[in-house]
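Read off the chains here:
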Amino acid sequence: MRYVKWTLILAVIAAIVAFFHYSLPQHDVARIVDTEVARMDAAGGDPSLPQTRDVRLIYTKYADGGEMEYRNEDTGWAFPWYFKFDSDRLQNKAADFKSTKDQPRWVVITHYGWRWPMMSMYPNATGIRAASGPSEAGLPLFNIIFLSVLTLILLMLVRIMIILRRRHVDPVVARIDEELDQSAGWWKRQWKKISG
């Protein structure tokens with residue numbers, strides 16, 4: 001039973017970590033090699049909606065030769081709440097930053113999501129800015145502040161629950177225990193009368 005409990009706890013922790021890793025912004029330093037608009041099939045959904053869509057793609061290469069592709073779509077009011085409404089402008093900016101291996105222009109691409117080729121899943125680029133070089137290391141300040149505030153809120157909620165339990169639940173449980181003890185004492189006295 002102990003293994004089942006720890007397996008469930010680890011599964012919940014893994015799901016929470018995966019959720020935040022997918023949703024929170026990440027920053028990659030790369031050079032843009034190409035941009036395009038590709039027609040893709042919509043994944044499932046309502047058959048009354050269009051079954052194909054145009055997706056803006058940004059192709060990049062890292063300093064170590066690795067490659068990454070990003071989609072560039074508006075998030076609008078949907079989750080995760082990046083409130084991105086300027087995918088055209090970002091695509092234009094990405095096209096302007098295109099460079100070659102001989103004359104690289106390094107950029108920091110802010111994005112969320114994962115690249116999963118089997119599912120044709122791309123991280124969504126939310127911002128592009130010039131980088132000082134391929135080794136620029138940025139501090140994920142937003143993620144640090146967000147997770148710190150979230151942790152403080154959770155700690156405050158735990159503290160409030162502990163206080164409420166001490167003030168309201170523990171006295172009721174103590175009263176019930178006392179009444180059960182008194183009731184058990186009455187039954188013991190009755191048993192002694194009968195048996196003795």
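Residues numbered from 1 in each chain as written. Predicted model: local features only at pLDDT ≥ 70, side-chain atom pairs only at ≥ 80, totals over all residues. Heavy atoms only, no water.

Looking only at helices and strands, one finds three helices and five strands in the protein. Secondary structure elements of the protein occur, N-terminal to C-terminal, as α-β-β-β-α-β-β-α. By the compact-globule yardstick of 16 Å for 196 residues, the protein is too spread out, its C-alpha radius of gyration being 29 Å. Projected onto the principal axes, the alpha-carbon positions of the protein cover approximately 105 × 45 × 30 Å. Here the protein holds 196 residues, and the buried ones make up 25% of them. (Helix = DSSP H or I, 4+ residues; strand = E, 2+ residues; numbered from the N terminus. Rg over C-alpha atoms; globule rule 2.2 N^0.38 Å. Buried < 20%, exposed > 50% of the residue type's maximum accessible area, 1.4 Å probe, protein only.)

Okay, the layout of surface pockets next. Think of a ball as big as a water molecule: rolled over the atoms, this probe shows where empty space is left. Taken as a whole, the second largest pocket holds about 210 Å³ of empty space. Lining of the second largest pocket is provided by Phe19, Phe20, Ser23, Leu24, Pro25, Phe79, Pro80, Trp81, Tyr82, Phe142 and Phe146. When residues of the lining of the second largest pocket are traced back to their parent elements, those giving at least two are α1 (2–23) and α3 (141–195). Sorting elements by how many residues they give to the lining of the second largest pocket places α1 first, with three residues. (1 Å grid on protein atoms, 1.4 Å probe; cavity = no way out; pocket = protein on both sides within 12 Å on 5 of 7 lines; lining within 4 Å. Points joined across faces, edges and corners; volume = space filled by probe spheres on them.)

The residue after Phe79, namely Pro80, is reached through a cis peptide bond having omega -5°. Here the phi dihedral of Phe83 falls at roughly 50°; this positive angle occurs in a residue that is not glycine. Take Phe83: it is sitting in the loop between β3 (67–72) and α2 (87–96). Its identity as a non-glycine residue notwithstanding, Ser120 has a phi of 50°, on the positive side. You can see Ser120 is positioned in the loop between β4 (106–112) and β5 (124–130). What makes Ser120 partly exposed here is its relative accessible area of 48%.

The next point concerns the pattern of salt bridges. Scanning the model with the defined rule gives eight salt bridges in all. Here Asp54 and Arg39 are joined by a salt bridge, their closest N and O atoms 2.9 Å apart. Taken as a pair, Asp54 in strand β2 (residues 52–61) and Arg39 in strand β1 (residues 26–41) lie far apart in primary sequence, 15 residues in all. A salt bridge links Asp170 to Arg165, with the shortest nitrogen-to-oxygen separation between them at 3.6 Å. (Salt bridge = Lys/Arg side-chain N within 4 Å of Asp/Glu carboxyl O.)

Here we come to a negative patch on the surface. Judged by side-chain charge, Asp177, Glu178, Glu179 and Asp181 come together as a negatively charged surface patch. Relative to the elements of secondary structure, Glu179 occurs in helix α3. (Patch = residues over 30% accessible without salt bridge, like charges linked within 9 Å, V, L, I, M, F, W, Y side chains within 5 Å. Areas by Shrake-Rupley, 256 points an atom, 1.4 Å probe, with all protein chains shown as cover. Lys, Arg positive; Asp, Glu negative; His and termini not counted. Charge placed at Lys NZ, Arg CZ, Asp CG, Glu CD.)

What follows is about the environment of Asp64. Along the chain, the position of Asp64 falls in the loop between β2 and β3. A C-alpha to C-alpha distance of 9.5 Å links Asp64 and Ala30, two positions 34 residues apart in sequence.

Here we take up the packing of aromatic side chains. Here the structure, examined in full by the defined rule, presents 10 aromatic pairs. An angle of 70° between the planes, with centres 5.3 Å apart, marks the rings of Phe19 and Phe20 as edge-to-face. One aromatic cluster is present, formed by Phe19, Phe20, Phe79, Trp81, Phe142 and Phe146 through successive ring pairs. A cation over an aromatic ring shows up here: Arg2 above the ring of Tyr3, its NZ or CZ 5.5 Å from the ring centre. (Phe/Tyr/Trp six-rings, centres within 6.5 Å; stacked < 30°, edge-to-face > 60°. Lys NZ or Arg CZ within 6 Å of the ring centre and 35° of its normal.)

Counting 11 residues, the largest nonpolar core is built from Ile32, Ile58, Met68, Tyr70, Leu90, Ala94, Phe97, Val107, Ile109, Ala125 and Ile128. At the level of secondary structure, the elements contributing two or more residues to this core comprise β3, α2, β4 and β5. The residues touching Met68, leaving out its near neighbours within four places in the chain, are Ile58, Tyr59, Thr60, Tyr62, Arg115 and Pro123. Core analysis: the second largest hydrophobic core is formed by five residues, Met40, Val55, Leu57 and Tyr122 among them. (Core = buried A, V, L, I, M, F, W, Y, C linked by side-chain atoms within 4.5 Å. Contact = heavy atoms within 4.5 Å.)

Okay, the pairing of β1 next. When β1 meets β4, the two strands line up antiparallel, connected through six bridges. Pairing of Val29 across the sheet is with Val108, part of β4. (Pairing = 2+ DSSP bridges.)

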